[in-house]
Amino acid sequence: MKRGKTVIYKICMQALHFVIVLFGISFLTFSITFLSPQNPAELWLAGPGGNTGTISPEAIAQQEHEMGLDEPFLVQYGNWLGKALKGDLGTSVTYHTPVTEEIASHMGPTVAMTAVSLAVSVALSLPLGILCAVYKDRLLDNVMRVFGFFGISIPSFLLSILFLWLFCIKLGWFPVIAGEGVRGILLPAFVLILQFTGKMTRQIRSVILEQLDQPYVDGAVTRGVTFPAILFGHVLKNSAGPILTCIGIYVGLAFGGSAVIEGIFSVDGLGRLAVDSVARMDIYMLQGFVLWVAVIYLVVNLLVDILSALIDPRIRYGQ
């Protein structure tokens, strides 16, 4: 009974943490966009082309009143938050379409690219990290450490430009402007795979090495337990929580950090939408994008915490 109450308490605390963090992110994002020098009413009147001649101050003032921009800051935030809780993130000041519709229409390529890059990265990093830990300071470990160093050091925009020049311009294997379908996301996904695999392998290696240094491993060896039984029966099980946490972090990084990559490869996804929104100072679109990424990141972390508790009873019962 006591353990059941502990689980319910932890779930409630995680839900409360989710709400507080999401509220803080929305308030901070709204505050930053509120301080922007661009006037959303003027951008709305300028339209997608951004060149409609001189706009009279009277027209701008009328549009500000219609959009509620003449209200105090807290009133504006309260109005936006109330609509956001109902699923209405406002209307794009440049496209004149609902923000939720624009995000939904650009979601497909980003989700596909993220899913492919994460699936391949995890499939490569997990065995490589285990092997590097088991054969520490051997050839494979040294090679992967160098590869991980380059994965951490090379910026994604530089790697994207190099891939674009090599595979699209010199070799002609891919179009310069990414098309629709699987072929359009392969090259940008490969950039994410190289970076994620290098970083993730290093982190998994560190987690496995930390577990291999624990006293229970020496005790099992003393009792005559074989190393494969120790590795797969104890070390990997105890390492599952930190590894899941590591993977969860990369889900958020993939969704939020693909903007530059999508812009370089002309992938019509959420990242490119965010970059275009920054260029046009479309504040409502930016608020919607940041809120979307925050929700994805928090949901993934919540699922990771639940899975970690299911795998490790010590986490579940707060031991």
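Heads up: these notes are all about the structure in this document. What you see is a predicted model, and the numbers here were worked out from it, not measured in a lab.

1. Overview of the overall build of the chain
Here's step 1: Along the backbone of the chain there are 14 helices and zero strands.
Here's step 2: Ordered by position from N to C terminus, the α and β elements of the chain give α-α-α-α-α-α-α-α-α-α-α-α-α-α.
Here's step 3: Counting every position in the chain, which comprises 319 residues, the buried fraction comes to 39%.
Here's step 4: Across the chain, every contact between residues at least 6 apart in sequence was considered, and the portion connecting residues at least 24 apart equals 75%.
Here's step 5: Of the roughly 17400 Å² of accessible surface on the chain, 68% is carried by carbon and sulfur atoms.

2. Here's the deal with helix α4 (residues 73–85)
Here's step 1: Look at α4: 18 Å from first C-alpha to last across 13 residues, which is about the 18 Å you get at 1.5 Å a residue.
Here's step 2: Of the residues making up α4, those classed as buried are Phe73, Gln76, Tyr77, Trp80 and Ala84. End-on, the buried residues of α4 take up no more than an arc of 95°, which puts them together on one face. Exposed and facing more than 90 degrees away from the buried side of α4 are Leu74 and Leu85.
Here's step 3: Glycine 87, located one to two residues past α4, shows a positive phi value of around 95°.

3. Details of unusual backbone geometry
Here's step 1: The phi dihedral of aspartate 137 is positive, around 65°, even though this residue is not glycine.
Here's step 2: Along the chain, aspartate 137 turns up in the loop between α5 (99–134) and α6 (139–153).
Here's step 3: For aspartate 137, a relative accessible area of 48% gives the class partly exposed.

4. A look at the environment of lysine 199
Here's step 1: Tracing the backbone shows lysine 199 in helix α8 (residues 182–212).
Here's step 2: Taking relative accessible area as the criterion, lysine 199 reaches 25% and is therefore assigned partly exposed.
Here's step 3: Along the chain, lysine 199 and glycine 148 lie 51 residues apart, while their C-alpha atoms are 5.5 Å from each other.
Here's step 4: Each residue touching lysine 199, except ones within four places of it in the same chain, is listed here: Gly151, Ile152 and Tyr250.

5. Examining a nonpolar patch on the surface
Here's step 1: A cluster of nonpolar side chains, Trp165, Leu166, Ile169, Leu171, Trp173 and Val176, forms an exposed patch at the surface whose accessible area comes to about 600 Å².
Here's step 2: As for its placement among the helices and strands, isoleucine 169 is situated in helix α7 (residues 156–170).

6. Side note on the nonpolar core
Here's step 1: Phe163, Leu187, Phe196, Ile208, Val235 and Phe265 are the most contacted members of the largest nonpolar core, which totals 66 residues.
Here's step 2: Sequence-distant contacts of phenylalanine 163, that is, excluding residues within four places in its chain, are made with Cys168, Leu187, Phe190, Val191, Leu194 and Phe265.

7. A look at the packing of aromatic side chains
Here's step 1: On inspection of all chains with the given rule, the structure shows ten aromatic pairs.
Here's step 2: Arranged with centres 5.2 Å apart and planes meeting at 90°, the rings of phenylalanine 27 and tyrosine 77 form a pair that is edge-to-face. Pair noted here: phenylalanine 27 is in helix α1 (residues 2–34) and tyrosine 77 is in helix α4, with a separation of 50 residues, a long-range link.
Here's step 3: Note on phenylalanine 27: relative accessible area 33%, which makes it partly exposed.
Here's step 4: Classification of tyrosine 77 by relative accessible area gives buried; the value is 6%.

8. Notes on the environment of phenylalanine 147
Here's step 1: Its location among the elements puts phenylalanine 147 in helix α6.
Here's step 2: Judged by relative accessible area, which is 30%, phenylalanine 147 ranks as partly exposed.
Here's step 3: In this structure, the C-alpha to C-alpha distance between phenylalanine 147 and glycine 198, residues 51 residues apart in sequence, is 5.9 Å.
Here's step 4: With sequence-adjacent residues up to four places away left out, phenylalanine 147 is seen in contact with Leu194, Thr197 and Gly198.

What counts, and at which threshold
Residues numbered from 1 in each chain as written. Predicted model: local features only at pLDDT ≥ 70, side-chain atom pairs only at ≥ 80, totals over all residues. Heavy atoms only, no water. Helix = DSSP H or I, 4+ residues; strand = E, 2+ residues; numbered from the N terminus. Buried < 20%, exposed > 50% of the residue type's maximum accessible area, 1.4 Å probe, protein only. Contact = heavy atoms within 4.5 Å. Areas by Shrake-Rupley, 256 points an atom, 1.4 Å probe, with all protein chains shown as cover. Expected span 1.5 Å × (residues − 1). Arc of directions from axis to C-beta. Patch = residues over 30% accessible without salt bridge, like charges linked within 9 Å, V, L, I, M, F, W, Y side chains within 5 Å. Salt bridge = Lys/Arg side-chain N within 4 Å of Asp/Glu carboxyl O. Core = buried A, V, L, I, M, F, W, Y, C linked by side-chain atoms within 4.5 Å. Phe/Tyr/Trp six-rings, centres within 6.5 Å; stacked < 30°, edge-to-face > 60°.

Any link to function would need more than the numbers given here.
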